Amino acid sequence: MNPLRVTVWHEYRHEKLDKQVADVYPEGIHGALAKGLAPYGFDIHTATLDEPEHGLTQEALDNTDVLTWWGHMAHEEVSDEIVDRVQERVLNGMGLIVLHSGHLSKIFRRLMGTGCMLRWREADEKERIWTVDPSHPICDGLPEYIEIDEAEMYGEHFDIPPPDTLVFISWFEGGEVFRSGCCYQRGQGKIFYFRPGHETYPIFHLPIVHKVIANAINWAKPVTNMAPVRGNIPEFMA
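To keep things clear, this report deals only with the structure shown in the data block. Keep in mind it's a predicted model, so treat the numbers as computed, not measured.

Criteria and thresholds
- Residues numbered from 1 in each chain as written.
- Predicted model: local features only at pLDDT ≥ 70, side-chain atom pairs only at ≥ 80, totals over all residues.
- Heavy atoms only, no water.
- Helix = DSSP H or I, 4+ residues; strand = E, 2+ residues; numbered from the N terminus.
- Buried < 20%, exposed > 50% of the residue type's maximum accessible area, 1.4 Å probe, protein only.
- Contact = heavy atoms within 4.5 Å.
- Phe/Tyr/Trp six-rings, centres within 6.5 Å; stacked < 30°, edge-to-face > 60°.
- Lys NZ or Arg CZ within 6 Å of the ring centre and 35° of its normal.
- Pairing = 2+ DSSP bridges.
- Axes fitted to C-alpha atoms, helices over the stretch in contact; angles between N-to-C directions.
- 1 Å grid on protein atoms, 1.4 Å probe; cavity = no way out; pocket = protein on both sides within 12 Å on 5 of 7 lines; lining within 4 Å.
- Points joined across faces, edges and corners; volume = space filled by probe spheres on them.
- Nonpolar A, V, L, I, M, F, W, Y, C, P; charged D, E, K, R; others polar.

**Looking at the environment of valine 132**
- Tracing the backbone shows valine 132 in the loop between strand E5 (119-131) and strand E6 (145-155).
- Its relative accessible area of 39% is what places valine 132 among the partly exposed residues.
- In sequence terms valine 132 and histidine 210 are 78 residues apart; their C-alpha atoms lie 19 Å from each other.
- Ignoring anything within four residues of it in the chain, the contact list for valine 132 reads Leu166, Val167, Phe168 and Ile169.

Following this line, the structure appears as structure tokens:
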């Protein structure tokens, strides 16, 4: 069996502009994720905003089973043409894993059909990510909760549609809670939103975070069922 083809997409701007971020992620967030996911046997490629076509050419997407997405400061610089292209691939079966501040990306808002805004605070707070659906494949091999010593707080209300399945809820020291692991299906594609991962914290270096994302990739991989037939059918098919 061929390995799953994973494209790790990252806008890759903070690391170029902010020494604090560069010190945390000297190879970029995409580099940290590619390195952390490598032991899971995926065929991993990276792509960034400033590459031609944001690194997401039609050929690149046609050769991607699951796309991971991290963006923050440059959401509006993503071409609508590329968003259309990614959406089409998701609707036709490509998996999409949206990470942390990717909640405001054009592609996530497009697929959710809502504003996707939330409450937030940077205060170096402890986060506990509680597993609320331990039978779900994304939770395979995970503990009852994941604890992150320092994190950016995200709080409700999170303006998203009700998830098809909610697998994680986060609690923060300030008392807030947040729907931090949300599963959706759009067309033939599966989508997972996972909350942790602010650029000034080394969260994407944590093996437990890599495991969650790897589980999500395996869950979101395309299903090789026969493509549905749609449109006008001139003859009755008995």
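Having seen the structure, we can now continue with the description.
**Considerations on the packing of aromatic side chains**
- According to the stated counting rule, one finds 11 aromatic pairs in the structure shown.
- Ring centres 6.4 Å apart and planes at 20° place the aromatic pair tyrosine 40 and phenylalanine 42 in the stacked group.
- Here tyrosine 40 falls in the partly exposed class, since its relative accessible area comes to 34%.
- The buried category is assigned to phenylalanine 42, whose relative accessible area is 11%.
- The structure contains a cluster of three or more aromatic residues connected by ring pairs, namely Phe108, Tyr154, Phe158, Phe178 and Tyr193.
- Its guanidinium or amino end placed over the ring of tyrosine 154, arginine 195 lies 5.0 Å from that ring's centre, counting from NZ or CZ.

**What about the sheet that holds strand E4 (residues 95-99)?**
- Overall, mixed pairing links the 9 strands, which are arranged E2-E1-E3-E4-E9-E8-E7-E5-E6 in an open sheet. In this open sheet, the two strands that pair with only one neighbour each are strand E2 (43-48) and E6. Taken over all neighbouring pairs, the strand axes of this sheet differ in orientation by 25° on average, direction set aside.
- Direction of pairing for strand E3 (residues 66-70) relative to E4: parallel, over a ladder of 4 bridges. In the strand pairing of E4, threonine 68 is matched with isoleucine 97.
- Running over the sheet, helix H7 (residues 207-220) touches strand E1 (5-10), E3, E4, E6, strand E7 (165-172), strand E8 (177-186) and strand E9 (189-194) and is turned about 165° from E9.

**Observations concerning helix H3 (residues 28-37)**
- H3 sits mainly inside the fold: 9 of its 10 residues count as buried.
- Listing the buried residues of H3 in full gives Gly28, Ile29, His30, Gly31, Ala32, Leu33, Ala34, Gly36 and Leu37.
- In this structure, the buried residues of H3 make contact with E1, helix H1 (14-17), E2, E3, E4 and H7.

**Here we look at the layout of surface pockets**
- Estimated volume of the largest pocket: approximately 280 Å³.
- Residue lining of the largest pocket: 16 residues in total, with Asn92, Gly93, Gln188, Pro222 and Val223 positioned closest to the centre.
- Residues belonging to the lining of the largest pocket are distributed by class as follows: 4 nonpolar, 7 polar and 5 charged.
- Grouping the constituent residues of the lining of the second largest pocket by class yields 5 nonpolar, 3 polar and 3 charged.

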